[in-house]
Amino acid sequence: MTSPARLTQRLTFSASVDQLVLIACVFWAFSANRLFLGAALKQHGDVPVAGFALALVVMLVALHYVLIAPFAYRLTVKPLLTLLLVGTAVATHYMRSYGVVLDTSMMTNVWRTDPTEARELLSWGLATHLLLYAALPAVLLWRVRIVTRPWPRATAFKLGGLVLAVVAFAAALLPVFKPVASMMRGHKEIRYLAAPANFLWSTGAVAAAQARGAAQPRRLLGLDATPGPTWSARTRPLVVVLVVGETARAANWQLNGYERPTTPELARLPVINFSDVSSCGTNTETSLPCMFAPVGRRDYDEARIRGSESLLHLLVHAGATVHWRDNQSGCKGVCAGLPEDKVVSLNPAGLCSDGRCLDEGLLVGLNERLAAARTVNGRAATQLLVLHQLGSHGPAYFRRYPPAFAHFTPACENDDLQKCTREEIVNAYDNSLRYTDHVLGSLIATLQRNEADVDSALIYVSDHGESLGERNLYLHGLPWFIAPKEQKQVPMVMWLSSGLAGANGVDAACLRRRAAEPASHDHLFHTVLGLLDVKTAVYEPAWDLADGCRSVQFAAPLAGNFGGVAAPSPGRTKQVN
Ligand SMILES: [Zn+2]
């Protein structure tokens, strides 16, 4: 009979620190790189597939050894490998389940995810995966008795091991250099599939970017901004409400021709639907700052966008009032230092549970805010109110709408999308759009009720789209250049109060014609500046969707009201179109 003590003794292994690192690297090369190898092997060119596979595995092992071994010592090796086991298991689970790629922007998303979001992502699928690929190996790891060597010998082994790894990497690369080089040129995104290097690299890049961003104050934007002539001419306040949608895709938007009634309330309202709008990014972390920047996707520069003030700061320079109301993971620096509140803190009755609120919470106190706008500093206020939705944030679409909006059934009611059929997933997603439609409909109704006293405009635009099973992809966040159009085409809707045309001369019929042509997030910044009539050198009329749809007639009868500003010449009182 074997006593338990003896059995434990038998299950104890001995290994050196560097041997442990090597074993871990071999384990990951085979267990965590199915996607990487699958994608990479298709690029084998004229090298035999088996040879290419062998070379890639050797390179994976050698690369990870070089990355990890310098940090592995007697006291650090077990905690370090445990952390990597858990991280790699989580990462590969999401890569396999949803086809998401762990690049830097996705990693920023992961590390900034709030606990509520994280809880929704936990599932039985993940638990099983974690048990097999993290917990079990970790138990074995902690059973290992580490063989220690005197430090001169240990150092020699460490350096020797690193040199060997570099030599092995080079030796494996040489015969397959041609296909690897062409793969790195043509399909760079494949490197984001190599685990755990992908999340080590991305996490490092995110940390470096954060450190850089935190160290520098934001560059000021549009300090020259001043109120346009309509500000003093107006007798009523002007409020632009900008609703930043979440994960709504153009393909499922009824106003864009989707066959299901996902936007019945908007369909009954005189809204202007922009049918061909592309997003700046494929995740919130990229799109949100980009939407509020003067130059977005057309000359994308993440560092410039994050290092600079946003549209909101510029409006404050001009003397406008701004407010950000959030029902999601925050404004990502867009409203830094400016007035903001969170729906979850307002805790509207019957709309919140478990730290999450339904989007109707965004409308709490809106009437009062519109009433207050009439009397800011005793004159007609100019205001931008941003409402940041939770929208159709996945994968738990069914948590985004109250039961009354479960219109399309059966809807997926599991946090783990893999437990549902594609039809159920689409049903839940469409229900969430239908609820967004209701939130927007209610918002417009409130603005309409105040039309006699407040001129207003609503702009709704989603931050990015979503994959719902096309080409086996789910969710969003693929790098922009390889992302399918479902992740990049977003709905956008405008509504203008009847008094607005008189207040700043926007011609709705003209805007409606413009709405059929392509537009993008790049237009948002300049369109809002135009709507609020803010003058600044940053403003580019070519990117204002309402440019060419603005009549200047409003200025003529009111010219006397703003003394110093010259009235437009009679020749310019026609519609500029
Ligand atoms: Zn988003």
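Computed from a predicted structure; not experimentally measured. As a convention, each chain's residues are numbered from 1 in the sequence order in which they are written. This being a predicted model, a pLDDT of at least 70 is required before a residue's local features are given, and a value of 80 or more before pairs of side-chain atoms are given or counted; all residues contribute to the totals for chains, interfaces and linings. Computation of side-chain values: all heavy atoms of the structure, hydrogens and water removed.

(A) Spatial organisation of the coordination of the zinc ion. Distances define the donors: N, O and S atoms within 2.8 Å of the metal qualify, as do those within 3.2 Å of Na, K or Ca. Water is excluded, so some sites may look unfinished. At this site the zinc ion is bound by E246 (OE), E246 (OE), T284 (OG1), D463 (OD) and H464 (NE2), with donor distances of 1.9 to 2.5 Å. Positions of the donor residues of the zinc ion along the chain correspond to the pattern E-x37-T-x178-D-H. On the criterion of sequence distance, the pair formed by T284 in helix α14 (residues 284–291) and D463 in the loop between β11 (455–462) and β12 (467–468) is long-range, its members being 179 residues apart. Any residue under 20% of the maximum accessible area for its type is buried, any over 50% is exposed, and the rest in between are partly exposed; the area is computed with a 1.4 Å probe on protein chains only. Residue class for D463 comes out buried when judged on its relative accessible area of 0%. Secondary structure elements follow DSSP: runs of H or I no shorter than four residues count as helices, runs of E no shorter than two count as strands, and numbering proceeds from the N terminus.

(B) A look at unusual backbone geometry. The linkage connecting G394 with the following residue, P395, adopts the cis geometry, with an omega of -5°. The residue P395 is located in the loop between β10 (382–388) and α19 (422–449) in this model. Put simply, T409 and P410 share a cis peptide bond, and its omega is -5°. By secondary structure assignment, the location of P410 is in the loop between β10 and α19. Of note, the phi angle at L475 is positive, near 60°, even though the residue is not glycine. Here L475 lies in strand β13 (residues 474–475).

(C) The arrangement of the pattern of salt bridges in detail. By convention in these notes, a salt bridge is any Lys or Arg side-chain nitrogen within 4 Å of a carboxyl oxygen on Asp or Glu. Taken as a whole and assessed by the stated rule, the structure comprises 17 salt bridges. Here E285 and R306 are joined by a salt bridge, their closest N and O atoms 3.7 Å apart. Highlighted residues: E285 in helix α14 and R306 in helix α15 (residues 302–306), separated in sequence by 21 residues. The partner of K419 in a salt bridge is D416, with the nearest N and O atoms 3.4 Å apart. Each member of the salt-bridge network shares a partner with another, and the members are E285, E302, R306 and K332.

(D) Local environment of the sheet that holds strand β4 (residues 238–245). Ordered in space as β7-β6-β10-β4-β11-β14-β5-β15, the eight strands form an open sheet in which the pairing is mixed. Of all strands in the sheet, those with a lone pairing partner are β7 (340–342) and β15 (519–520), marking the two edges. Should DSSP find at least two bridges between two strands, the strands are taken to pair. Across seven bridges, the pairing between β4 and β10 is parallel. Residue pairing in the sheet places V243 in a bridge with L387 of β10.

(E) The side chain of N431, seen in detail. Structurally, the position occupied by N431 is in helix α19. Polar contacts here mean pairs of N or O atoms no more than 3.5 Å apart (in protein, one a potential hydrogen donor and the other a potential acceptor; neighbouring residues in sequence count only if both atoms are side-chain atoms). Looking at N431, its side chain comes within polar contact range of the side chain of Y401, at 3.2 Å. Contact definition: two residues touch when any of their heavy atoms are within 4.5 Å. Apart from the residues within four sequence positions on either side, N431 is in contact with Y401, F405, A406, H407, F408 and A411.

(F) Structural detail: the state of the cysteines. Here, two cysteine sulfur atoms that lie within 2.5 Å of each other are counted as a disulfide. On inspection of all chains with the given rule, the structure shows five disulfides. Across the disulfide from C331 sits C335; the S-S distance is 2.1 Å. Across the disulfide from C331 to C335, rotation about the S-S bond amounts to roughly -90°, and the bridge is consequently left-handed. For C331, a relative accessible area of 7% puts it in the buried group. Owing to a relative accessible area of 0%, C335 belongs among the buried residues under this scheme. When the cysteines of the chain that form disulfides are numbered from the N-terminus onward, they connect as 1-2, 3-4, 5-6, 7-8, 9-10.

Note that every value here comes from positions in space, so none of it alone points to a role or purpose.
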